[in-house]
Amino acid sequence: MVQNNKFLVIVVGVPRGGIGVYKSIYKHLAKPLEADLALCSEEKYIKNNYLTKHAKYLWTIPDDINWNKYYLKFKNNIYSEYFNLGLETGLENSGKIHFAIKDIILSNYVEILKSYKFIVYTRFDQMHIANHKSNFDENLIYIQEGEDYGGINDRHSVFPGKYSEKFLNICSYIDSKKGINNIPEHPNCEGVFFQFLKDNNLTNIERFDRYQFTVLKTG
C-alpha cells in the first residue's frame, strides 16, 4: 500500500483532447500511484473538467489572464530579452505561460508540495495508455525519454518534494544575469529548461519510459 502523502500529481496548462485524455490521466497515473491530485489552470478550463471531481486541490488562475502583465513582478526585466530570443521557437508564447504557471505554484503552494515525497508534474494534453512507473529514489529527478528537441523533455517529470523550490524557480532564472549569460544553443522551451536544470545543479536526472503521448485539439 502506498503511504499517505507520498505522491502528488499536478496537472497544468490548457485542457485539450477530450474526456478520454482526462480519464486516462486518472486511470493510469493518479489512481495507480494512489496520489493526491492538483489541477492548475484558468478557472474556465477546470470548472467542469472530468478530473475536477477527483482533485484534492484546485489552483485556479484568473480567466484570460494577461501573462505579459504577470511578468512585471520580476524587476530585472531581463526576462523580456530572454523571451525575445524565442519568438520563433515557442518559447515566447508557450514557454511564457508554462514558466509562469510554475511560478504561481511556487509562490502560493510550495509548502503543500514539500509535504509530499514525490511530485509528478504533468500537463492536461497527455494521453496515458499504461500504468505509470511507481518506484523512485528521493535523490533523483525523473524525466521521460523522447521529445527533447535540443534540450530535455518538459512535458512530464517526477521530482522529490524537497526539490520543489529549486525545480519550479525558472522565472527568477530567466530574469537573472546567469540566465541571459547562458542562453542554450536551442532557445526553445526544452533547451531553456535543460539549461536551467544544469545551471541550478539539478543534474541528478534519470530518464524513464513514456507511458503517454501528447494530443492536440482538432485542427
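Preceding block: the structure.
Residues numbered from 1 in each chain as written. Predicted model: local features only at pLDDT ≥ 70, side-chain atom pairs only at ≥ 80, totals over all residues. Heavy atoms only, no water.

Caption draft 1: Just the sheet that holds strand 8 (residues 205–208), in detail. Sheet architecture is open: seven strands sit in the order 3-2-1-4-7-6-8, paired in mixed fashion. A single partner strand is all that each edge strand has here, and the edge strands are strand 3 (57–61) and strand 8. The mean angle between the axes of side-by-side strands here comes to 20°, regardless of whether they run parallel or antiparallel. In this sheet, strand 3 lies alongside strand 2 (residues 36–42) in parallel orientation, the contact comprising five bridges. Residue pairing in the sheet places glutamate 42 in a bridge with isoleucine 61 of strand 3. (Pairing = 2+ DSSP bridges. Helix = DSSP H or I, 4+ residues; strand = E, 2+ residues; numbered from the N terminus. Axes fitted to C-alpha atoms, helices over the stretch in contact; angles between N-to-C directions.)

Caption draft 2: Layout of the packing of helix 5 (residues 91–114) against helix 9 (residues 189–199). Put simply, helix 5 and helix 9 touch, their axes get as near as 10 Å, and they point 40° apart. Considering the angle they form, helix 5 stands oblique to helix 9. Between helix 5 and helix 9, the residues in contact are Leu91, Ser94, Gly95, Phe99 and Lys102 and Cys189, Val192 and Phe193, respectively. A breakdown of the residues in the contact of helix 5 with helix 9 according to their chemical character gives five nonpolar, two polar and one charged. (Parallel < 35°, antiparallel > 145°, perpendicular 65-115°, else oblique. Contact = heavy atoms within 4.5 Å. Nonpolar A, V, L, I, M, F, W, Y, C, P; charged D, E, K, R; others polar.)

Caption draft 3: Looking closely at the packing of aromatic side chains. What the rule picks out here adds up to 19 aromatic pairs. Geometrically, the ring pair formed by phenylalanine 159 and phenylalanine 167 is stacked, given 4.1 Å between the ring centres and 20° between the ring planes. The exposure classification of phenylalanine 159 matches that of phenylalanine 167, with both residues buried. Residues phenylalanine 167 and phenylalanine 193 carry aromatic rings whose centres are separated by 5.8 Å and whose planes lie at 85° to one another, so their mutual orientation is edge-to-face. Taken together, the residues span a long stretch of sequence, with phenylalanine 167 in helix 6 (residues 164–168) and phenylalanine 193 in helix 9 at a distance of 26 residues. Of note, lysine 96 hangs over the ring of phenylalanine 83, and the distance from its end group to the ring centre comes to 5.4 Å. One Lys or Arg, lysine 133, reaches over the ring of phenylalanine 136 and ends 5.4 Å from the middle of that ring. (Phe/Tyr/Trp six-rings, centres within 6.5 Å; stacked < 30°, edge-to-face > 60°. Buried < 20%, exposed > 50% of the residue type's maximum accessible area, 1.4 Å probe, protein only. Lys NZ or Arg CZ within 6 Å of the ring centre and 35° of its normal.)

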